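# Tertiary structure, described
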Amino acid sequence: MAALDLMPAPLGLLAELTHRCPLGCPYCSNPLALDKRDDELETALWARVFREAASLGILQVHLSGGEPAARRDLPELVKAAREAGLYSNLITSAVGLTAKTLGALAEAGLDHVQISIQDSDEPSADHIAGYKGASARKRALASEVVRLGLPLTVNMVVHRANIGRVEQMVELAQSLGASRVEIAHVQYYGWAVKNRAALMPTREQVDEAVRQVEVLRARHHGQIVIDAVVPDYYARFPKPCMGGWGRRSLNVTPAGKVLPCHAAEVIPGLEFWNVREHSLAEIWRASPAFSAFRGIGWMEEPCKSCSRRELDFGGCRCQAFLIAGNARAADPVCHLSPHHTLVEQLAAKREDAAYSYRSS
């Protein structure tokens with residue numbers, strides 16, 4: 001059987017429609033060098049990408065950004081996703097998305113909405129977002145999502161400024177009518193690297209948050225789904241980033257580059273193909289970037305002989321490069337990594353510094 005026949009089919013597509021966003025979140029995973037509006041893919045090309053994604057076996061598309069509502073053709077893009085047979089999930093800041101546009105998206109076939117909430121405390125939420133009034137707008141749009149009968153997930157990015165209010169944030173999500181809440185500890189890529197010392201929680205804060213999540217899951221069982229994972233810097237083993245490099249999903253940037261994960265451009269020397277020149281199937285199967293760390297043949301020790309090598313696939317390649325300076329190294333969050341002390345040193349470095357907000 002040919003190697004391509006054994007290659008797993010992707011399940012999800014992250015479509016970064018634009019890098020434009022009204023918020024300035026200091027943990028934004030967008031790259032520091034943002035794609036310009038003039039370089040964004042046009043409507044027809046995104047529609048082609050959606051059709052090709054469905055042909056590849058992809059089941060769902062996450063419409064993300066930046067803020068997807070910055071694109072005036074968003075209802076057309078949702079309709080294109082529906083016509084391609086994809087389940088569409090809108091990942092939105094809710095700032096700049098009007099009730100009228102949301103209604104148009106529902107009519108176009110939108111399946112699900114995910115709204116980010118920065119904190120249960122409104123002044124703190126607005127400060128984190130770098131936008132006064134953002135929290136009130138988010139709550140108002142969440143009500144409209146529920147009124148339209150669309151499933152709602154609330155995403156809460158957790159860090160030192162809000163980790164003490166996990167219980168209140170879950171209660172807020174439930175009061176907004178969310179069926180699911182995602183407690184996502186900051187991942188240190190993009191703008192979060194610039195703000196790491198200002199965002200990093202203590203070990204004690206993380207342990208208490210983990211304890212609270214288990215209590216809340218028991219308390220709200222059958223009422224709301226609570227998804228949460230231990231933050232990388234305090235984990236014993238790394239997560240299988242993206243389910244393994246080039247195994248389950250792909251990411252298309254606003255300008256059309258196709259990445260194995262949203263942070264992959266931090267790794268120097270990788271060649272990323274663009275949907276303007278290649279089909280999605282060609283990129284998935286033959287792109288040098290996707291082939292670079294697919295499988296286990298690229299691994300160095302201790303991953304190469306580790307019994308977990310096909311469970312976590314060595315962890316995150318981007319994190320390995322950013323911390324250890326070697327994208328082939330074991331993810332330094334792993335306690336078996338020879339670079340693990342670097343993670344411990346970074347986790348211990350905390351400053352009460354002003355945020356370096358994401359630029360728009």
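Positions within a chain are numbered from 1, following the residues in the order the chain's sequence is written. With the structure being a predicted model, the display of local features is reserved for residues of pLDDT at least 70 and the display and counting of side-chain atom pairs for 80 or more, all residues being used for whole-chain, interface and lining totals. Side-chain metrics in this entry use all non-hydrogen atoms of the structure; hydrogen atoms and water are not considered.

Bringing the nonpolar core into the picture now. For the purposes of this section, nonpolar cores are sets of buried Ala, Val, Leu, Ile, Met, Phe, Trp, Tyr and Cys residues that join through side-chain atoms within 4.5 Å. For each residue, the accessible area found with a 1.4 Å probe, counting protein chains only, is set against the maximum for its type, and the residue is called buried under 20%, exposed over 50%, and partly exposed in between. In terms of nonpolar packing, the biggest core is built from 88 residues, with L13, W46, F50, I115, Y233 and L280 touching the most fellow members. Considering each element in turn, this core owes the most residues, seven residues, to helix α2 (residues 43-56). If we ignore the near neighbours within four places in the chain, the residues touching I115 are T92, A94, K138, L141, A142, V145, L152, T153, V154 and N155. Residues I267, C318, A327 and A330 belong to the second largest nonpolar core, which totals 18 residues. Each helix is a run of H or I in the DSSP string that is no shorter than four residues. Each strand is a run of E no shorter than two, and both are numbered from the N terminus. Only heavy atoms enter the contact rule, under which two residues are in contact if any of them lie within 4.5 Å.

We now examine the layout of surface pockets. Every definition here rests on a 1 Å grid over the protein atoms only: cavities are sets of points where a 1.4 Å probe fits but cannot get out, pockets are open sets enclosed by protein on both sides within 12 Å along at least five of seven lines, and lining residues have some atom within 4 Å of a point. Grid points are joined across faces, edges and corners, and a volume is the space filled by probe spheres set on the points. The computed volume of the second largest pocket comes to approximately 200 Å³. Considering the residues around the second largest pocket, the lining is formed by 13 residues, among which N30, P31, L32, G190 and V266 are closest to the centre. Looking at the lining of the second largest pocket residue by residue, the classes come out as seven nonpolar, four polar and two charged. Under the grouping applied here, Gly and all other residues not named as nonpolar or charged are polar, the nonpolar ones being Ala, Val, Leu, Ile, Met, Phe, Trp, Tyr, Cys and Pro and the charged ones Asp, Glu, Lys and Arg.

Glancing now at the pairing of strand β1 (residues 12-16). Counting buried positions along β1 yields four of five residues, so the element is predominantly enclosed. Consider the strands pointing away from the viewer: the crossover is right-handed when the path from the first strand over the helix to the second runs clockwise. Tracing the backbone out of β1, into α2 and back to the parallel element strand β2 (residues 60-64) gives a crossover that is right-handed. DSSP bridges decide pairing: two strands pair if at least two such bridges lie between them. Judged from the four bridges that link them, β1 and strand β8 (residues 249-252) form a sheet pairing that is parallel. Of the residues in β8, the one forming a bridge with L13 is L250.

Moving on, we get to the pattern of salt bridges. By definition here, a salt bridge exists when the distance from a side-chain nitrogen of Lys or Arg to a carboxyl oxygen of Asp or Glu is within 4 Å. Applying the stated criterion across every chain yields a total of 19 salt bridges. A salt bridge links E144 to R147, with the nearest nitrogen and oxygen atoms 2.7 Å apart. Of this pair, E144 and R147 both sit in helix α6 (residues 134-147), three residues apart, which is roughly one turn of that helix. Judged by relative accessible area, which is 59%, R147 ranks as exposed. We note a salt bridge from D312 to R308, for which the minimum N-O separation is 3.2 Å. Overall, the relative accessible area of 7% leaves D312 in the buried class. Accessibility expressed as a relative area gives 25% for R308, which makes it partly exposed. If you follow the salt bridges from partner to partner, you end up with R20, E40, R71 and D73 in one network.

We now examine unusual backbone geometry. Between G65 and G66 the backbone carries a cis peptide bond, its omega angle lying at 10°. Position of G66 relative to the elements: it lies in the loop between β2 and α3 (74-83). With an omega dihedral of 10°, the bond running from E301 to P302 counts as a cis peptide bond. Checked against the element boundaries, P302 lands in the loop between α12 (288-292) and α13 (317-324). Although it is not a glycine, A94 adopts a positive phi angle of roughly 75°. Tracing the backbone shows A94 in the loop between β3 (87-92) and α4 (99-108). Classification of A94 as buried rests on a relative accessible area of 3%. Positive phi, close to 60°, is recorded for M242, a residue that is not glycine.

Attention now goes to the side chain of S64. Among the structural elements, S64 can be located in strand β2. Ignoring sequence-local partners within four residues, the contact set of S64 consists of L14, A15, E16, L17, T18 and I91.

For the pair α2 and α3, the least separation of the axes is 9 Å and the interaxial angle reads 25°. Comparing their axes, α3 and α2 come out roughly parallel. Along this stretch, α2 crosses α3, giving a crossing that reads as right-handed. Within the contact between the two elements, α2 uses T43, W46, A47 and F50 and α3 uses E76, L77, A80 and A81. Looking at the contact of α2 with α3 residue by residue, the classes come out as six nonpolar, one polar and one charged. For helices, the fitted line uses only the C-alpha atoms of the stretch in contact; every axis is such a line through C-alpha atoms, and the angle between N-to-C directions lies from 0 to 180 degrees. Each angle receives one of four descriptions, namely roughly parallel if under 35 degrees, roughly antiparallel if over 145, roughly perpendicular if within 65 to 115, and oblique otherwise. Each helix crossing is assigned a hand: it is left-handed if the near helix lies turned anticlockwise from the far helix by less than a right angle, otherwise right-handed if that turn is clockwise.

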